[in-house]
Protein chains: 2
Amino acid sequence: MHQLIPIKRALLSVSDKTGIVELATALQQIGCEIISTGGTRKKLEDAGIATTEISTVTGNPEAFGGRMKTISFNIESALLFDREKDADEAAALNIKAIDLVVCNLYPFQKVLEKGADFDTLIENIDIGGPTMIRAAAKNFKYVATVTQPQDYTALIQQLEENNGALSQDFRQQLMCKAFNHTADYDALIATTMDKSIGVHSMRMGFGQGVALRYGENAHQSAHFYKQNGEDNTLYDLNVLHGKALSFNNILDINGALEAIKEAKRPACSVIKHSNPCGLCEGDKQADLLRLAWAGDPISAFGSIIAFNRKLDLETVQFFALDHPDRSQRKFVEVVIAPSFAPDALAYLQQHKNLRIIEFDINQLKNGQDVRYLNGGLLVQDADLKLHDKMDLVSTKQVDLTLEQPLIEFGLRAIKTIKSNSIAIVRFKEGYAQLLGMGAGQPNRLIATKLSIEKSRENLQNEFTGDAADFEAYVADELSKSWLISDAFFPFADNVEIAAAAGIRKIVQPGGSIRDKSVIAACDKLGLAMVFTGIRHFKH
Amino acid sequence: MHQLIPIKRALLSVSDKTGIVELATALQQIGCEIISTGGTRKKLEDAGIATTEISTVTGNPEAFGGRMKTISFNIESALLFDREKDADEAAALNIKAIDLVVCNLYPFQKVLEKGADFDTLIENIDIGGPTMIRAAAKNFKYVATVTQPQDYTALIQQLEENNGALSQDFRQQLMCKAFNHTADYDALIATTMDKSIGVHSMRMGFGQGVALRYGENAHQSAHFYKQNGEDNTLYDLNVLHGKALSFNNILDINGALEAIKEAKRPACSVIKHSNPCGLCEGDKQADLLRLAWAGDPISAFGSIIAFNRKLDLETVQFFALDHPDRSQRKFVEVVIAPSFAPDALAYLQQHKNLRIIEFDINQLKNGQDVRYLNGGLLVQDADLKLHDKMDLVSTKQVDLTLEQPLIEFGLRAIKTIKSNSIAIVRFKEGYAQLLGMGAGQPNRLIATKLSIEKSRENLQNEFTGDAADFEAYVADELSKSWLISDAFFPFADNVEIAAAAGIRKIVQPGGSIRDKSVIAACDKLGLAMVFTGIRHFKH
């Protein structure tokens, strides 16, 4: 399997001419004959590199405005014949082996992205190129196929190391790249052509798959892949330290990044089982973590925590990883930030198992939301619109100019919490904080109750006064908070429960046939209510 | 765009010879010259159809064990030249147009599925076929390309309707199919070859996309696709009646089917926001619906309901769609069943907006679980293993032979409820019923509390005795129920809360470092506890 094939004769025909002169120069130096076509040949000849005109090999002219250049019995035979079994036949037919094909294809994707018309797209469907590439790749036992300029350096290096020959391993790797290249090419052509007849189709390719230790549970096997041709994907996490990421870690990391990706200010999210149980936006990172953690200090243990700014030492000291009393150390599974101050990184690295991940959330694309369901595929735009309006529908008035930043924080929170969901948010020390939330409930009323209970728990945790004053404290804090609903209230009962708990301000999309009775309940109980016109279901 | 092209000269070269004689006969009848190769030619000649041997067109012999048959300047020129612009050049080169290519490819997929060795796989990579197909497809303005026997009937019909010619529309449709065919072909080759060098890659193609009214929310646009080459996908729902399915309907339908797909007996699931809030397995369908509905009679309004058996009239009358008091009618969004008795269907059709869906859940494949996360892709085996063991770890003994069916029902339930989750299940009138559940909580303790509260609510709904006797009734019913946890209890607090509520039997995977103290709590409180060894997280 390591049989070396000397590269004596190469065919160069490229659309993207990056690096082609350097490659041809290297081939010339090992005494390789270079067959070439049209523009590629001109570029090489201009650089003083002697080439064989392809028509002298094909025996045919270039024809039909360039549609026919390489396809011929002679070229594809030279690529395809078995150097052992077919040697005599090739000699009899006067076919001389070609050992290397360097070819990339008409830039269909580029012209498509430039908005080319249909006829231009059709002209940019390469026929000869894929034929050569596929023929050479099929015969990789003897032939090398290079389809991308970024592989020229490795090719030149291999040729140098092996005295002008290429190994079987290298040729097999190149073969795989070649078929991936033609698969990508025809995938894009197929979906583009489908669109021309009004058919919606979708093709996705994923590579670089790594086996995970297991899936969502230990009895499920799993892999993690990266989408071909995309940068800054969730796959491109840079794990600086710690155990390998698990399936659930990766799911939660995605949730943690989604929860802060639209924050304009520094932000911190705390994720448990895909839901943010803590979320905070504000100025100082150490406060962000403390206040996000306070959103659910029980669940925060073992959570996934993400930041959208460089992480500093003061912040990570919150985890108390060096506390002499082990029970005081705050163990989390994963910490993600765009970068780490060296002392912050060193501090976190004290915990052997903690996964420390560098990922710049600002690079994460607002891509499509794709759900695979037993062979069906749901694809939708990401939920990126916070609100359509800010209609104060209650008699009770509030200053929306002052309140809007907190409401918008609440909407960013609610759209990443699983439905039915209710969030209670407040300003605390100048920070926008998720005080309590209820997630994933069939019944909205229960989500409301959960968010209130969690808020009360958290207020109890921070309350330092006399027990007798606690209810007054709750009433005061909740009266300044906003209760945010991901979807409209179907009945007034949610308002009544919220009001009884001390909530005075509610945000919801509106749009129920019973909006009037819901607003009437607010008016009766003296609550402010804002309609946004935008629902934020998330499942 | 409707320009008709007469089919005077066709090239037939197929691996799958289904229907090829019938097609060639039709071509012969319109006076079309048939060029053919190897096995295809033999088959046609044997059927008495005159063909032109391809080598007389290529000017070359078939060579290298069949690796070179069609690829030639003459064939691809005949497919590719522009019938207008290039007419003179073609005449000068003595190239005569080929108007139709009928070609399917070496059966790479078939030999792969048969477990062929690597060399056989390589031999089954078709080079000449894709070249012809792609050349003809590129020039669809003049040439028709047929890649699948199932298109022969339409082809013959079109030829008959148009006096031996094909329309531009038809050629363009065939062109799209052709590029989809070569895209599928190279996709499978690429992933298979990647595997040969230890690289994990994955490619998926989806077609038949339909635009949904909107996505998860009204401001998100969305499409629904079907995976290419797969049958019985979630896309293959047969909507018998009602409004078009929404994005959220489709998500919930998947959840509804997942919740009952492994039931051996008749079953019914009630889904709200992706979670089963009602689930029942037993004999009689009408009872199943009544008992599933009772799992959360508030949330069941507007839910998605699935059955795994033919639906009968008695069952659907439960919805009371003809009740004179509109408030007594039980409105649901979707009803799914493998089939419907005509009177049951007619009854359901009284509700104009109700989506009625025919889908045989038994045909749903236990496929892979695929999650797309911002350009990363997590792929895992479906969660199909209920338990690894049934270890009674408590001092308190129960008869597991008797209890196992209910425990297994509980495990089927818990693995479709979002984590952290707790389910309380019981036998009621001989039916296994989800009495109450807690879903989607960061904190397991809250899931436990939710499941108990919901169970108490439901017991209250069914209780007909004196109020003073209610707690005794709860204690009795809960003592016969099992509480099922999707993951281990990290502390004994869950046991204490369950015991205080009246639960006497608990199932959990086990595996916590504090298992001993959890078991000790069971022993202290007199509870039975079973360890299964299998966690069922679902996110």
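Because the structure is predicted, anything quoted here is derived from the model rather than measured.

Points about the overall build of chain A
Counting its regular elements, chain A contains 19 helices and 23 strands. A globule of 539 residues ought to have a C-alpha radius of gyration of about 24 Å, yet chain A, at 31 Å, is considerably larger. Per-residue burial over chain A gives 54% buried out of 539 residues.

Some details on the relation of the copies chain A and chain B
For the pair chain A and chain B, the relating rotation is 180°, the translation along its axis is 0.0 Å, and the fit reaches an RMSD of 0.1 Å. Such values leave the two copies arranged in the relation of a two-fold axis. The position closest to the rotation axis in chain A is occupied by the C-alpha of serine 72 of chain A, lying 2.2 Å away. Here 100% of the interface residues in chain A have copies in chain B that are interface residues too; the copies meet face to matching face.

Thoughts on unusual backbone geometry
Between serine 419 of chain A and the following residue, asparagine 420 of chain A, the backbone shows a cis peptide bond with an omega angle of -15°. Looking at the secondary structure, you find asparagine 420 of chain A in the loop between α15 (400-414) and β19 (422-428). The phi dihedral of histidine 273 of chain B falls on the positive side, at around 50°, and the residue is not glycine. Tracing the backbone through its elements, the reader meets histidine 273 of chain B in the loop between β11 (267-272) and β12 (275-281). A count of 29 C-beta atoms within 10 Å places histidine 273 of chain B in the buried class.

Things to note about the packing of helix α16 (residues 444-462) of chain A against helix α17 (residues 470-480) of chain A
Residue and element names in this part refer to chain A. In contact at an axis separation of 10 Å, α16 and α17 are set at 120° when each is read in the N-to-C sense. Compared by their axis directions, α16 and α17 come out oblique. α17 is crossed by α16, and the crossing has right-handed handedness. Taken together, the residues of α17 that come into contact with α16 (itself represented by Ser455, Arg456, Leu459 and Gln460) are Phe470, Tyr473, Val474, Glu477 and Leu478.

Concerning the domain arrangement of chain A
Each assigned domain of chain A is listed with its residue range as follows: domain 1 (5-196), domain 2 (242-363) and domain 3 (384-531). Relative placement of domain 1 of chain A and domain 2 of chain A: their C-alpha centres are 49 Å apart.

A short note on the interface of chain A and chain B
Across the boundary between the two partners, chain A contributes 113 residues, which contact 113 residues of chain B. For the side of chain A that touches chain B, the element with the highest residue contribution is helix α10 (residues 168-196) of chain A, accounting for 14 residues. Of the strand pairs in this sheet, strand β8 (residues 200-212) of chain A and strand β8 (residues 200-211) of chain B are connected by seven bridges, and their pairing is antiparallel. Looking at β8 of chain B, one finds that arginine 203 of chain A is bridged to glycine 205 of chain B.

Observations concerning the packing of helix α16 (residues 444-462) of chain B against helix α18 (residues 493-501) of chain B
Geometrically, a packed helix pair is captured by the angle between its two axes and the distance between the axes. Residues and elements named next belong to chain B. Where α16 meets α18, the closest approach of the two axes is 10 Å, and the angle between their N-to-C directions is 10°. In terms of their interaxial angle, α16 and α18 are classed as roughly parallel. Both α16 and α18 take part in a crossing whose hand is right-handed. Of α18, the residues touching α16 (which contributes Arg444, Leu445, Thr448, Lys449 and Ile452) are Asp493, Asn494, Ile497, Ala498 and Ala501. Here the contact of α16 with α18 is composed, by residue class, of five nonpolar, two polar and three charged.

Brief notes about the environment of valine 507 of chain B
All names here are of chain B. Mapped onto the elements of the fold, valine 507 is located in strand β22 (residues 505-508). Here valine 507 falls in the buried class, since 25 other C-beta atoms lie within 10 Å of it. Note: C-alpha distance between valine 507 and isoleucine 407 (100 residues apart in sequence) is 7.4 Å. Excluding anything up to four places from it in sequence, valine 507 contacts Ile407, Gly410, Trp482, Ile484, Val530 and Thr532.

Overview of the nonpolar core
Formed by 201 residues in total, the largest nonpolar core has its most connected members in Ile336 and Val425 of chain A together with Ile336 and Val425 of chain B. In this structure, Leu174 and Met193 of chain A together with Met175 and Met193 of chain B belong to the second largest nonpolar core, which totals 120 residues.

Thoughts on the pairing of strand β21 (residues 482-485) of chain B
Residues and elements named next belong to chain B. Of the two faces of β21, the one carrying Trp482 and Ile484 and the one carrying Leu483 and Ser485 are both buried. Pairing between strand β19 (residues 422-428) and β21: four bridges, direction antiparallel. Within the sheet, the bridge partner assigned to alanine 423 lies in β21 and is isoleucine 484. Two elements, β21 and β22, share two bridges in a ladder whose sense is parallel. Within the sheet, the bridge partner assigned to isoleucine 484 lies in β22 and is valine 507.

Concerning the sheet that holds strand β2 (residues 9-13) of chain A
The strands making up a sheet are joined through hydrogen bonds of the backbone, oriented either antiparallel or parallel. Residues and elements named next belong to chain A. Strand order in the open sheet formed by five strands is β4-β3-β2-β5-β6, and the pairing between neighbours is parallel. Each having just a single partner strand, β4 (52-53) and β6 (144-146) make up the two edges of the open sheet. Direction of pairing for β2 relative to strand β5 (residues 100-103): parallel, over a ladder of four bridges. Each bridged residue has a counterpart across the sheet, and for leucine 12 the counterpart in β5 is valine 102. Where helix α2 (residues 38-46) meets the sheet, it contacts β2, β3 (33-36) and β4, and its direction lies at approximately 135° from that of β3. Together, β2, β5 and β6 form the strand contacts of helix α8 (residues 128-138), whose direction differs from that of β5 by roughly 145°.

Re helix α1 (residues 20-29) of chain B
Residues and elements named next belong to chain B. Those residues of α1 lying buried are Ile20, Leu23, Ala24 and Leu27. For α1, the arc enclosing every buried residue in end-on projection is 95°, short of the 170-degree limit, so these residues lie on one face. Buried residues belonging to α1 abut β2 (9-14), β3 (33-36), α2 (38-46), β5 (100-104) and α9 (152-161). Of the residues flanking the end of α1, it is glycine 31, one or two places downstream, whose phi is positive at about 80°.

Focus on the environment of threonine 191 of chain B
Residue and element names in this part refer to chain B. Residue position: threonine 191 is located in helix α10 (residues 168-196). Exposure remark for threonine 191: the 22 C-beta atoms within 10 Å place this residue in the buried category. Separated by 12 residues in sequence, threonine 191 and arginine 203 place their C-alpha atoms 7.2 Å apart. Apart from the residues within four sequence positions on either side, threonine 191 is in contact with Ser201, Met202 and Arg203.

Description of the sheet that holds strand β10 (residues 238-241) of chain A
Strand order across the open sheet formed by 12 strands is β10-β15-β14-β13-β11-β12-β20-β19-β21-β22-β23-β18 (chain A), with mixed pairing between neighbours. Taken across any chain shown, the strands that pair with only one partner, and hence form the sheet edges, are β10 and β18 (391-392) of chain A.

Structural notes on α18 of chain B
Residues and elements named next belong to chain B. Among the residues making up α18, those that are buried are Asn494, Val495, Ala498 and Ala499. Burial along α18 is one-sided: seen end-on, the buried residues are contained in an arc of 130°. For α18, the elements touching its buried residues are α16, β21, β22 and α19 (515-525). Following α18 by one or two positions, glycine 502 has its phi on the positive side, about 115°.

Rules used throughout
- Residues numbered from 1 in each chain as written.
- Chains lettered and ligands numbered in written order.
- Predicted model: local features only at pLDDT ≥ 70, side-chain atom pairs only at ≥ 80, totals over all residues.
- Helix = DSSP H or I, 4+ residues; strand = E, 2+ residues; numbered from the N terminus.
- Rg over C-alpha atoms; globule rule 2.2 N^0.38 Å.
- Buried ≥ 20, exposed ≤ 12 C-beta atoms within 10 Å, placed from the backbone.
- Least-squares fit on C-alpha atoms with pLDDT ≥ 70 in both.
- Contact = placed C-beta atoms within 7 Å.
- Axes fitted to C-alpha atoms, helices over the stretch in contact; angles between N-to-C directions.
- Parallel < 35°, antiparallel > 145°, perpendicular 65-115°, else oblique.
- Left-handed = near helix turned anticlockwise from the far one by under 90°.
- Domains from an automatic or database assignment.
- Pairing = 2+ DSSP bridges.
- Nonpolar A, V, L, I, M, F, W, Y, C, P; charged D, E, K, R; others polar.
- Core = buried A, V, L, I, M, F, W, Y, C linked by C-beta atoms within 7 Å.
- Arc of directions from axis to C-beta.

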